[in-house]
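# A look at the structure
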Amino acid sequence: MAERIHEVLPGVLHWTARHPSARIESGSHYLVEEGILIDPIAPSEGLEWFDGRQIGEILLTNRHHKRSAFELQDRLGATLRAPRTGMHDLPGDRVRPYDFGDELPAGIRPHAILETWPDETALEIPHHRAVAIADGVNNYDGLGFFDDSLLGDDPEAEKLRLREGFARLTAEVDFDHLLFAHGTPIIGNAREQLRRFVAG
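Now for a quick tour of the structure.

Analysis parameters
- Residue numbering note: each chain is counted from 1, following its sequence as written.
- Given that this is a predicted model, residues contribute local features only at a pLDDT of at least 70 and side-chain atom pairs are listed and counted only at 80 or more, while totals for whole chains, interfaces and linings are drawn from all residues.
- Here the side-chain values reflect all heavy atoms present in the structure, with hydrogen atoms and water set aside.
- To sort residues, take the accessible area from a 1.4 Å probe on protein chains only and compare it with the maximum for the residue type: under 20% means buried, over 50% means exposed, and anything in between is partly exposed.
- Counting from the N terminus, the helices are the DSSP runs of H or I reaching at least four residues and the strands are the DSSP runs of E reaching at least two.
- Paired strands, as defined in this entry, are two strands with at least two bridges between them according to DSSP.
- The arc in question is the one traced by the directions running from the helix axis out to the C-beta atoms.

This paragraph deals with the pairing of strand E10 (residues 130-133). Burial along E10 is two-sided: the residues Ala-130 and Ala-132 and Val-131 and Ile-133 are all buried. Across 4 bridges, the pairing between strand E9 (residues 117-125) and E10 is antiparallel. Counted as the bridge partner of Ile-125 is Ala-130 from E10. Counting the residues between successive antiparallel strands, the hairpin from E9 to E10 contains 4 residues, one of them, Arg-129, with a positive phi of roughly 50°. By the bridge criterion, 4 bridges tie E10 to strand E13 (residues 177-180) in an arrangement that is parallel.

As a further point, take helix H1 (residues 69-76). Turning to H1, its buried residues are Ala-69, Phe-70, Leu-72 and Gln-73. Here the buried residues of H1 occupy an arc of 160° about the axis, which is enough to place them on one side.

Strand order in this open sheet of 5 strands is E8-E9-E10-E13-E14, and the pairing throughout is mixed. With partners counted over all chains shown, the strands left at the sheet margins are strand E8 (109-114) and strand E14 (186-187), one partner each. Judged from the 2 bridges that link them, E13 and E14 form a sheet pairing that is antiparallel. Across the sheet, Leu-178 pairs through a bridge with Ile-186, a residue of E14.

The structure is reproduced here in structure tokens:
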């Protein structure tokens, strides 16, 4: 069931919608003060909800999360950024690449997760003590991975690599909250919950 736009942290809005091709519930976020959209998909309120708002940046956590980004870019005149490692699948005349370790607008820093998922990104958002993650972990009915059918020829090995990647993230980045491209945000104690999950 799609969730309407609502605040999950002061100045951080969240909503979900069913992706038209992937057919799964997808989550998006809007950092209000910073004027930044993360992995935006058209909400039930419609794209017109964003009209007149000061939105200058759209950030993708991986190349697959185009969703409604191009429509919003056209509508708002915002800069659209995605990981350089996924630019082969994106139009270079419309998308600006970022590299892991860069400082993006509002001090956001992208972190790599896994070499075999080269553009899988965790966006560290220091002002909100939050991290936004792409597809490596979801939170539909508790923390989990996607179905084995989506994890390649050796799903268990891939899960192990994902666990190692997210373990590095929890060791290197100090945060309280997790914002998911797929699933319900975890507000408070998220770093410890993710640490426990990936420890198995």
